[in-house]
Amino acid sequence: MRDAGYSILLLPGDGTGPEVVAEGRKILGALAEGDTARWHLDERPGGAQYYLAHGKEWEPETEAAAHTADAILLGAVGWPGATLPNGDNAGAALVLGLRQSLDLYANVRPCRLYPGVQHKISGAYSTVWSPKNVDMVIIRENTEDLYTPAHGILRRADETEVAIDNRIITRKGSERVIRYAMQLARTRPRGAPEDGIKRVTCIDKSNVMVGCRFFRETYDRLAVEFPEIERDYAYVDAFTQWLVRNPEHFNVAVATNLMGDIITDLASVLQGGMGFAAGGNIGDHHAMFEPVHGSAPKYAGQSKVNPFATFFATEMMLRWLGARHGDAQLVRQADRLERAIASVLAAGTARTYDQGGTVTTREAGDRLAEAIRRLPA
Ligand code: GGG
């Protein structure tokens, strides 16, 4: 452990972001009780609403703090009407900007249905989607593809005539995210729910696009280094139906950036909705954790949205920090947080509106904090 504890930067962002990050903060506080203080929190504003008020997305000191923090917990960004002069959404510096400047190349999105959570297909468990058969991690490449700023527009006589986004797929970007997926599959003891096999599915559109063909060739070349991992392939269009029909087949899946973004939103339906979907943006030296959902402006200020995605993001953050620094106590705290989350979800005592409940964001945080205190540090 670091002598001064780990520095965790909180970037609540916009809309409902500050509401869910406040609950994440509450949970970190409950974990720290009875344990020596292992982290210190540095919370700073920024995002689209900050841009509307101050003419900039964040202060230079906030960006600098992101580069020196041991880990970052982000809320959400985006606000209607907050647009930069170049047409980009204000607030993107905190998400897309940090993914690039900190080189957070693997976007890790677990998709697991916990007992007590209703998936969003029918509102009732079926034999197809149950906690037994939804337990996968989708890895999304996070720095290239259609997200690189290799784009432009052609304007003639004040009319936009053409808009072009170039899709960039590099050897380095593909290799490192595929290797990340293979290494993760090695560490997942249960493998795929269907058969326990440690399987990595390469998701692409290699029957049409050269970038995807290159991505799949890279997958095949690297797979040789991981003989214990079963190779598996899915064209992205077919994957969308298999994901819903046979989620138990999937253990770890790896995809390019935009496809990964789309399929993880779909996958979130199997885990109870976006209110449960957490993501880790991981690089070799930095990491940022976030609920996958956006700022949900229509719910802002109502203490209504589901904070569990932020709780899962917090758990991922503690686990990553613990592994990175060889800090077993931090890993135990991540385990404790996961057990507390599982117990509250199983008891059904923290259901927010999206789960058909009436519990507020704050009350859900209170219930989880109580559950944490019941478990030994
Ligand atoms: N919770 C983070 C957030 O607000 N994300 C919105 C966003 O800009 N996402 C872009 C992406 O993940 O592709």
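If you're wondering where the values come from, they're calculated on a predicted model, not measured in any experiment.

Of all residues adjacent to the ligand, which total 15 residues, the nearest are Val77, Arg140, Glu290, Pro291 and His293. Within the backbone of His293, one N or O atom sits 2.7 Å away from a nitrogen atom of the ligand. Counting atoms within 2 Å of the grid points, the majority share of the ligand lands in the largest pocket. Broken down by secondary-structure element, the contributors of at least two residues to the shell around the ligand are β3 (71-76), α4 (92-101) and β12 (287-291). Looking at the shell around the ligand, the element that brings in the most residues is β3, giving three residues. For the shell around the ligand, the class distribution of residues is seven nonpolar, three polar and five charged.

Right, let's get into the packing of aromatic side chains. Counted under the stated rule, the structure contains seven aromatic pairs. Taking 5.0 Å as the distance between ring centres and 50° as the angle between the ring planes, the aromatic pair formed by Tyr299 and Tyr353 counts as tilted. Residue Tyr299 is located in the loop between β12 and α9 (308-324), and its partner Tyr353 is located in the loop between α10 (328-347) and α11 (361-374); the two are separated by 54 residues in the primary sequence. We classify Tyr353 as partly exposed; its relative accessible area is 33%.

So, about the sheet that holds strand β10 (residues 252-255). One open sheet accounts for 10 strands, arranged β2-β1-β3-β12-β11-β4-β5-β10-β8-β9; its pairing is mixed. The outermost strands of the open sheet, each flanked by one partner alone, are β2 (39-43) and β9 (230-235). This sheet shows a mean twist of 20° between the axes of neighbouring strands, independent of strand direction. In the sheet, strand β1 (residues 6-13) pairs with β2 via five bridges, with the strands oriented parallel. The residue bridging Tyr6 from the neighbouring strand is Trp39, located in β2. The sheet strands contacting helix α3 (residues 60-68) are β1, β2 and β3, and the helix crosses β1 at an angle near 135°.

Once that is clear, we can look at the packing of helix α1 (residues 17-32) against α11. Running from amino to carboxyl end, α1 crosses α11 at an angle of 15°, the nearest separation of the two axes being 9 Å. With respect to each other, α1 and α11 are oriented roughly parallel. Our pair here, α1 against α11, has a crossing hand that is right-handed. Every residue of α11 that contacts α1 at Glu19, Val20, Glu23, Lys26, Ile27, Ala30 and Leu31 is listed here: Thr361, Arg362, Gly365, Asp366, Leu368, Ala369, Ile372 and Arg373. The residue inventory of the contact of α1 with α11, partitioned by class, reads seven nonpolar, two polar and six charged.

Thresholds applied
Residues numbered from 1 in each chain as written. Predicted model: local features only at pLDDT ≥ 70, side-chain atom pairs only at ≥ 80, totals over all residues. Heavy atoms only, no water. Near = heavy atom within 4 Å. Polar contact = N/O pair within 3.5 Å; in protein donor to acceptor, adjacent residues only side chain to side chain. 1 Å grid on protein atoms, 1.4 Å probe; cavity = no way out; pocket = protein on both sides within 12 Å on 5 of 7 lines; lining within 4 Å. Sits in = over half its atoms within 2 Å of the grid points. Helix = DSSP H or I, 4+ residues; strand = E, 2+ residues; numbered from the N terminus. Nonpolar A, V, L, I, M, F, W, Y, C, P; charged D, E, K, R; others polar. Phe/Tyr/Trp six-rings, centres within 6.5 Å; stacked < 30°, edge-to-face > 60°. Buried < 20%, exposed > 50% of the residue type's maximum accessible area, 1.4 Å probe, protein only. Pairing = 2+ DSSP bridges. Axes fitted to C-alpha atoms, helices over the stretch in contact; angles between N-to-C directions. Contact = heavy atoms within 4.5 Å. Parallel < 35°, antiparallel > 145°, perpendicular 65-115°, else oblique. Left-handed = near helix turned anticlockwise from the far one by under 90°.

All we've got here are geometric facts, nothing functional implied.
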